[in-house]
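# Overview (structure and organization)
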Amino acid sequence: MADLSNNVGNAAIQTLVDKTLGAFFDAATKHFGVTKAKYFSSFQKYYILQARRCSTIKTLNARDVSQNLQDIYVSLRFDCLGTQYSDQEVLETILAGRRIILRGKGGSGKSMFMRWLFLSLMKSNDNRIPILIELRKFDSTKASNNLLDLCRKTLYDDGNLSESVFTQLCKDGKFIFLFDGFDEVPREQRTYVETEILELSERYPDCGVAVSGRDNDHFFSWAGFSTCDLCSLSYVEVQQVIERAYFESSLKENFLKILSQDFFDLYGELLSTPLLSIMLAMTYGQNGSLPTNLNEFYNRAFHTLVMWHDASKDGYSRDLSISPEKFRAVFRIFCLMTYLDNKFEFDDSYFVEHIGKAKSHVVNLSGMSDLLDISTADLRRDFHEGTNLIVREGFYYFFIHRSFQEFFAAECATSLSDSNFRSVLSNFCERHTDSTLSMCYEMQQDRFIWDFLEPIHAQLLAAGTFNSSDDAPGILHRLAVSSYVVISPRDLGGGSANTEVSDKAVRTFFSAMDLVRGRRIEWLTLLSRFSSSIKVLEKLPQNLYPANGITLEITWRQTGELRFEINTLDGSVMSERQKHQIIDKCLPSIELAVADFSVGLSEYVSESIDHFARISSQKAEWSLKADDIL
């Protein structure tokens, strides 16, 4: 089969790059003497490679075919504070200088949109050039790494673009920075990457900045950024996705026949994103019937990927070295190990090592000793070529989509012993923007409640967490809520705030209770309210703190106690008098924020505990009835 990427045309890309860079260098040379002759060829090399990469894409349903992005791209809609905007309007907003967070759930099309955005910015005649950075490739643990330096080296990899010249271009607003996949940054590195993005944004206000990622508690505090949420697909948009997708003609025709408005209303959850829509069509083509829930959907999707082959290959399918059931046993352990390790992308060494570990676990746990005869190389081929659940790009491997890693990590968790089950689900609770916890709940609801949630409830009850007293009226009087605030004149005058509950058991209990009550994000929303309230500190006069800024940690207990800890960002010493001046200035605003939060917290906790008491009472009634029957 011919490579569809030929439709893009190298000549067309060359023309686009030359036009974009020509306008850029004409303006840059005129303003501050950056010579086209010295830098054009290296800039050209980056943009030709990036434009080619963004112009073509491989999709789940056509893994061996590079398709033209413009042939399959369906225009997306975004919601910002209740108003919907088209992708073109978001593009115009970025060109107008607004800072944008593009937020969406897994498979909603964020990365594809960022590619479309990169190409559209190149075509815009704006005299600025985009720089697209995939944040999963940024390792902040390396001492030499900072995000701005990565942007410079990405643009000009031979090292001859000096920091001073690049800084001058940034000051002149000659770039639009596109950071894709904030949620793919390891959790322990996110605060550092967040600070890097906010500092870059504030330091170079004339450059454009757009960041994509799943919903997370960091975005709430990004001063100066507008958040645009990707909308779920409409009926018409799902039709367009399927019509443009690369499917065998009879499959596409049959699926479009059943894709009525009534069908869309019934299966809306499984058609809400481009990825889910494509996967549903694939599973329908393989099974001739449709799943009824997300777990059944991913089960079928797995079997579809194992059996799927290109229609042009005369019935050729890639045989696995082991049965699909044994492959699944190895793969789900691999998914859980990598998920707990915060690894979504890995080099060959890590890949091989963890395939071997997963195989050993399966042999030890299930006695599948025949797996010992299967080489790690064969299993790697199964992962990468036999199913394409893992894909390769350059020297690195990554999941075809993170939702598969999450599903199989959840499935593996539900097979663990009770103590390990509780330990892993506690970890899942800390990853509240992922789907692993909700998938576990859907897979084993009774076990989730009684083997995971009930012991935590008993632990908190024994510790007196839910008890009231005369000295500390109201529930959760032992609970401490901390907000860590960075206040800096360089941070758009707004600082950033991040709120957390100190007691992990409390965090775990209420994150899990949200699922049981069918209100998955309420706990997160409550904490984000506190973060948003604490942002009143952005009005703190700059003459009260050192020029480099301060960190302010506020700890509140429902007893009314407030504790402040203040430190400078540069490590310099502040006098007690300075600290008291800051506290005196902050205190009225913080007390108002705390009062509002306290009311919301009390209502939320009371409802959650009452709900758990009801289901516990129902369980006791069922047990009595069962005893009577016996």
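Residues numbered from 1 in each chain as written. Predicted model: local features only at pLDDT ≥ 70, side-chain atom pairs only at ≥ 80, totals over all residues. Heavy atoms only, no water.

Let's shift gears to unusual backbone geometry. Of note, Leu81 is a non-glycine position whose phi angle comes to about 55°, a positive value. You can see Leu81 is positioned in the loop between strand S3 (77-80) and strand S4 (83-86). The class for Leu81 is exposed, based on a relative accessible area of 84%. With a phi close to 60°, Asn342 is a non-glycine residue in the positive phi region. With respect to the helices, strands and loops of the structure, Asn342 is situated in the loop between helix H14 (324-340) and strand S10 (345-347). Residue class for Asn342 comes out buried when judged on its relative accessible area of 15%. (Helix = DSSP H or I, 4+ residues; strand = E, 2+ residues; numbered from the N terminus. Buried < 20%, exposed > 50% of the residue type's maximum accessible area, 1.4 Å probe, protein only.)

Another point: the packing of aromatic side chains. The final tally for this structure, using the stated rule, is 40 aromatic pairs. For the ring pair Phe509 and Phe510, a centre distance of 5.0 Å and an interplane angle of 85° mean the geometry is edge-to-face. Given the relative accessible area of 0%, Phe509 is considered buried. Exposure remark for Phe510: the relative accessible area of 0% places this residue in the buried category. Ring centres of Phe510 and Tyr604 lie 5.6 Å apart, and the angle between their planes is 50°; on these two criteria the pair is classed as tilted. Of the two residues, Phe510 is situated in helix H21 (residues 504-516) and Tyr604 in helix H23 (residues 576-629); the sequence distance between them amounts to 94 residues. Each member of the pair, Phe510 as well as Tyr604, carries the same accessibility label: buried. In this arrangement the basic side chain of Arg136 is found over the ring face of Phe398, its NZ or CZ atom lying 4.5 Å from the centre. A cation over an aromatic ring shows up here: Arg402 above the ring of Phe344, its NZ or CZ 4.2 Å from the ring centre. (Phe/Tyr/Trp six-rings, centres within 6.5 Å; stacked < 30°, edge-to-face > 60°. Lys NZ or Arg CZ within 6 Å of the ring centre and 35° of its normal.)

Relative to each other, H14 and helix H15 (residues 348-366) sit at 120°, their axes nearing to 8 Å. One finds that H14 runs oblique with respect to H15. For the pair H14 and H15, the sense of crossing is right-handed. Between H14 and H15, the contacting residues are Ala329, Val330, Ile333, Phe334, Met337 and Thr338 on the first element and Tyr350, Phe351, His354, Ile355, Lys357, Ala358, Lys359, His361, Val362 and Leu365 on the second. Classifying every residue of the contact of H14 with H15 gives 11 nonpolar, 3 polar and 2 charged. (Axes fitted to C-alpha atoms, helices over the stretch in contact; angles between N-to-C directions. Parallel < 35°, antiparallel > 145°, perpendicular 65-115°, else oblique. Left-handed = near helix turned anticlockwise from the far one by under 90°. Contact = heavy atoms within 4.5 Å. Nonpolar A, V, L, I, M, F, W, Y, C, P; charged D, E, K, R; others polar.)

With 177 residues, the main nonpolar core has Leu117, Ile131, Phe175, Phe177, Phe179, Ile197 and Phe448 as its most contacted residues. With 12 residues, the top contributor of residues to this core is H23. If sequence neighbours within four positions are ignored, Ile131 has contacts with Tyr46, Tyr47, Cys151, Leu155, Phe166, Phe175, Ile176, Phe177 and Leu178. (Core = buried A, V, L, I, M, F, W, Y, C linked by side-chain atoms within 4.5 Å.)

Before going further, it helps to examine the sheet that holds S4. Taken in spatial order, the 7 strands make up an open sheet running S4-S3-S9-S5-S8-S7-S6, and their pairing is mixed. A strand with exactly one partner marks an edge of an open sheet, and here the two such strands are S4 and strand S6 (129-134). Across the sheet, the mean angle separating the axes of adjacent strands is 25° when strand polarity is ignored. The pairing of strand S5 (residues 99-103) with strand S8 (residues 208-213) spans 4 bridges and is parallel. Bridge pairing in S8 links Leu102 to Ser212. Sitting on the sheet, helix H4 (residues 87-95) is in contact with S3, S4, S5, strand S7 (175-180) and S8, with an inclination near 90° to S4. Running at roughly 160° to S8, helix H8 (residues 187-203) makes contact with S5, S7, S8 and strand S9 (225-230) of the sheet. (Pairing = 2+ DSSP bridges.)

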